[in-house]
Amino acid sequence: MEYNLADLFESVVDVVPDREALVYVDHPGTGAERRLTYAALDAAANRIAHHLLDSGLKPGEHLGLHLYNGVEYVQTVLACLKARLVPVNVNYRYVEEELAYLYRDSDLAALVFDAEFGARVEAALPRAGKLRHLIRVGAGRGAGPAAVDSAVDFADAEAAGAPERGFAARSADDLFIIYTGGTTGLPKGVMWRQEDLFFSGLGGGAPTGEPVTRPEEVAERVAAGGDGITFFPTPPLMHGTSTLTAFICFHFGQRLVIHRKFVPEEVLRTIARERVTSVSLVGDAMLRPLVDALSGPLKGTDLSSLFSVSSSGAIMSETVRAEFAALAPNVLLLNNFGSSESGFNGTATEDSGPERGFRIRVNSRTRVVDPATHEPVAPGEPGRIAQRGHVPLGYYNDPGKSAETFFQRDGERWVLLGDMATVDEDGVVTVLGRGSQCVNTGGEKVYPEEVEQALKSHPDVYDALVTGVPDARWGNRVAAVVQLRAGAPALDAAALQDHCRPHLAGYKIPRTVVFTDRIQRSPSGKADYRWARAMAAGG
């Protein structure tokens, strides 16, 4: 047995087959749900895996998942791994041009898609030359029949496949591809060996403890332990963090809860009803609506089972964390730091915030290095975050970008992340922000995340994104796009600038402030800085 995700999942199934593995709520509020034990989920994945192989797909070929959250998503990812196909996440918000690019760039041979996306899928197909097998989930869900007539219905594919295993031997070298969101450029497919992903993204079977030393130890730990932990990833599964959370849950032999879409009131009801232990989300874009619901229509919701709320992909600001803590004082709030290219790097310190910055205690594999020499920087000197050891092989179909991002040093593979940072004498890393989003204004560097935190500390600001716009004198000037709280009194730019002065140096204060009814983010809650830049330039 190797560190292969399908092998590891099956080893857990064999020791706790009757334990509940997955609870799925289709349309929040309707009460429609599905519950599967480990044995039932395993058999369901076997059926789809056999259908895919029987349809002529070969190990190593790529399958896209163009789906909302659902049993079918989890089932298909597991099916791909069992059949040694490579799962590829597809952003369901993409339109025709973006889909055509991703289908082509990732060399998809098969696609599983929700029926309501049928028209977009059909429009993109002529430019996806290798895509030959389609599976449709559902019958439109209110959007009419799917436009792709040749697709196999998911229920028919499942019925045609055998429920038993009977697959060829697998390898730790089998691939798992995670496509980045593309909010700052074209999406890129991060190629992970499954063994590397197991240790970097999944904590080696124990994210908060000692990693296993043998693959068999995952199931041995499950067999020796109990149940009672329920994981609830609230972002879309097509966001890599949520899928990795699902596998962390399975490696513990515990229960996973998912909703089709994020609806804050229903998230809170599910936490209470299912006795959820751990919730994962993406920053203020998801935490703030939970705060609003808890302080309004869902006030008094029973959160006594909830132990932790963790964020990855965007930080929970100090202001919103304090508001949530006042409503749920016994819940641990964790700002985790990681990426599609590195997995997990560390967790924010308690003193992270507008005054001291986003400070993280990193793992032993993470360093701050000079981006040119790849040598570690001195304490206090700026550099870029890098990770060694279990890192991806590179970007699929992009050798140029791979050469810029992945390198060899001291006989180990490294990945150079886009995040600028400093490190102090104690090894605590202060994340300055994404280098690609840094605003150079008159030679001074401004990182949007710092300014966003200051803006969001104003009681009437609901959300904010900060970017740079061209300026004749300074090259670029700092600009903010701001969404006010519903019912908040009117604010002007001067009031927000005055609010920021105690927190920020003068050159960091937004010179341009554009107000909007709604900040646009990705479905996972990540910032869409291309949109923000266009809004700010137009203002």
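Residues numbered from 1 in each chain as written. Predicted model: local features only at pLDDT ≥ 70, side-chain atom pairs only at ≥ 80, totals over all residues. Heavy atoms only, no water.

1. Some words on the overall build of the chain
Broken down by element type, the chain carries 16 helices and 27 strands. Each of the three principal axes of the chain carries a C-alpha extent, and together these read 65 × 55 × 50 Å. Long-range contacts, defined as pairs at least 24 residues apart, comprise 67% of the intrachain contacts of the chain with a sequence gap of at least 6. Counting 54 positive and 68 negative side-chain charges, the chain places the averaged centre of each group 2 Å from the other. (Helix = DSSP H or I, 4+ residues; strand = E, 2+ residues; numbered from the N terminus. Contact = heavy atoms within 4.5 Å. Lys, Arg positive; Asp, Glu negative; His and termini not counted. Charge placed at Lys NZ, Arg CZ, Asp CG, Glu CD.)

2. Notes on the nonpolar core
Counting 104 residues, the largest nonpolar core has Leu 5, Leu 41, Tyr 103, Phe 198 and Phe 250 as its most contacted members. In terms of residues, this core owes the most to one element, helix α3 (residues 71–83), which gives nine residues. Dropping the residues within four chain positions of it, Phe 250 is found in contact with Phe 9, Val 12, Ala 21, Tyr 38, Leu 41, Val 74 and Leu 256. Of all hydrophobic cores here, the second largest spans 26 residues; its members include Ile 271, Leu 290, Val 291 and Val 320. (Core = buried A, V, L, I, M, F, W, Y, C linked by side-chain atoms within 4.5 Å. Buried < 20%, exposed > 50% of the residue type's maximum accessible area, 1.4 Å probe, protein only.)

3. A look at the environment of Ala 403
Mapped onto the elements of the fold, Ala 403 is located in helix α13 (residues 399–405). Residue Ala 403 is classed as exposed on the basis of its relative accessible area, which comes to 60%. Between the alpha carbons of Ala 403 and Leu 57 there is a distance of 31 Å; along the sequence they are 346 residues apart.

4. Notes on the packing of aromatic side chains
Summed over all chains, the structure comprises 15 aromatic pairs. Between Phe 9 and Tyr 38, the ring centres sit 6.1 Å apart and the planes meet at 35°, which makes this aromatic pair tilted. Taken together, the residues Phe 9 in helix α1 (residues 5–15) and Tyr 38 in helix α2 (residues 38–54) connect sequence positions 29 residues apart. You'll find Phe 9 and Tyr 38 in the same group, each marked buried. Where Phe 247 meets Phe 250, the ring centres are 6.3 Å apart and the plane angle is 80°; that geometry is what we call edge-to-face. Separated by three residues within a single helix, Phe 247 and Phe 250 lie in helix α9 (residues 240–251), roughly one turn from each other. Under the relative-accessibility criterion, Phe 250 is labelled buried at 1%. (Phe/Tyr/Trp six-rings, centres within 6.5 Å; stacked < 30°, edge-to-face > 60°.)

5. Thoughts on the pattern of salt bridges
For the structure shown, the criterion picks out 43 salt bridges. One salt bridge in this structure joins Arg 214 and Glu 220, with 2.7 Å as the shortest N-O distance. On the basis of relative accessibility, which here comes to 40%, the residue Glu 220 falls in the partly exposed class. Note that Arg 275 and Asp 302 form a salt bridge whose closest N and O atoms lie 3.0 Å from each other. In this pair, Arg 275 sits in the loop between α10 (264–274) and β12 (278–281) while Asp 302 sits in the loop between α11 (283–294) and β13 (308–311), placing the two residues 27 residues apart along the sequence. Accessibility expressed as a relative area gives 38% for Asp 302, which makes it partly exposed. Residues joined by salt bridges that share partners form a network here, namely Asp 7, Glu 10, Asp 14, Asp 42, Lys 82, Arg 165 and Arg 170. (Salt bridge = Lys/Arg side-chain N within 4 Å of Asp/Glu carboxyl O.)

6. A few points about the packing of α11 against helix α12 (residues 318–327)
Packed helices, taken two at a time, are described by their axes: the angle between them and the distance between them. Packing of α11 against α12 leaves a shortest axis separation of 10 Å and a crossing angle of 35°. Every pair of crossing elements has a handedness; the one defined by α11 and α12 is left-handed. Counting all contacts with α11, which are made through Asp 284, Leu 287, Arg 288, Val 291 and Leu 294, the residues of α12 involved are Val 320, Arg 321, Glu 323, Phe 324 and Leu 327. Tallied by class, residues from the contact of α11 with α12 come to six nonpolar, no polar and four charged. (Axes fitted to C-alpha atoms, helices over the stretch in contact; angles between N-to-C directions. Left-handed = near helix turned anticlockwise from the far one by under 90°. Nonpolar A, V, L, I, M, F, W, Y, C, P; charged D, E, K, R; others polar.)

7. Topic: the sheet that holds strand β25 (residues 461–471)
What the three strands build is an open sheet, ordered β25-β26-β27; its pairing is mixed. Whereas interior strands pair on both sides, the edge strands pair on one side only; in this sheet they are β25 and β27 (512–515). Across the sheet, the mean angle from the axis of one strand to that of its neighbour is 25°, orientation sign disregarded. When strand β26 (residues 475–484) meets β27, the two strands line up parallel, connected through four bridges. By the bridge assignment, Val 481 is partnered in β27 with Val 514. Contacting β25, β26 and β27, helix α15 (residues 493–500) runs over the sheet at an angle of about 120° to β27. (Pairing = 2+ DSSP bridges.)

8. A short note on the confidence of the model for the chain
Any region with low pLDDT has predicted coordinates that should not be read closely. Residues with a pLDDT of 70 or more make up 95% of the chain, whose mean pLDDT is 91. Taken as a whole, residues 141–145 scores under 50 in pLDDT and shows seven contacts with residues more than four places along the chain or in a different chain. (pLDDT = per-residue confidence, 0-100.)

9. A word on the packing of α1 against α3
One way to put it is that α1 packs onto α3 with a least axis distance of 8 Å and a crossing angle of 110°. Looking at the two axes, α1 sits roughly perpendicular to α3. Pair α1 / α3 crosses with left-handed handedness. Residues Leu 5, Ala 6, Phe 9 and Glu 10 of α1 form the contact with α3, whose own contacting residues are Leu 78, Leu 81 and Lys 82. (Parallel < 35°, antiparallel > 145°, perpendicular 65-115°, else oblique.)

10. Focus: unusual backbone geometry
Even without being a glycine, Asp 107 presents a positive backbone phi close to 55°. With respect to the helices and strands, the residue Asp 107 is situated in the loop between α4 (96–105) and β5 (108–114). At His 374, a position not held by glycine, the phi torsion is positive, near 65°. Take His 374: it is sitting in the loop between β17 (366–369) and β18 (383–388).

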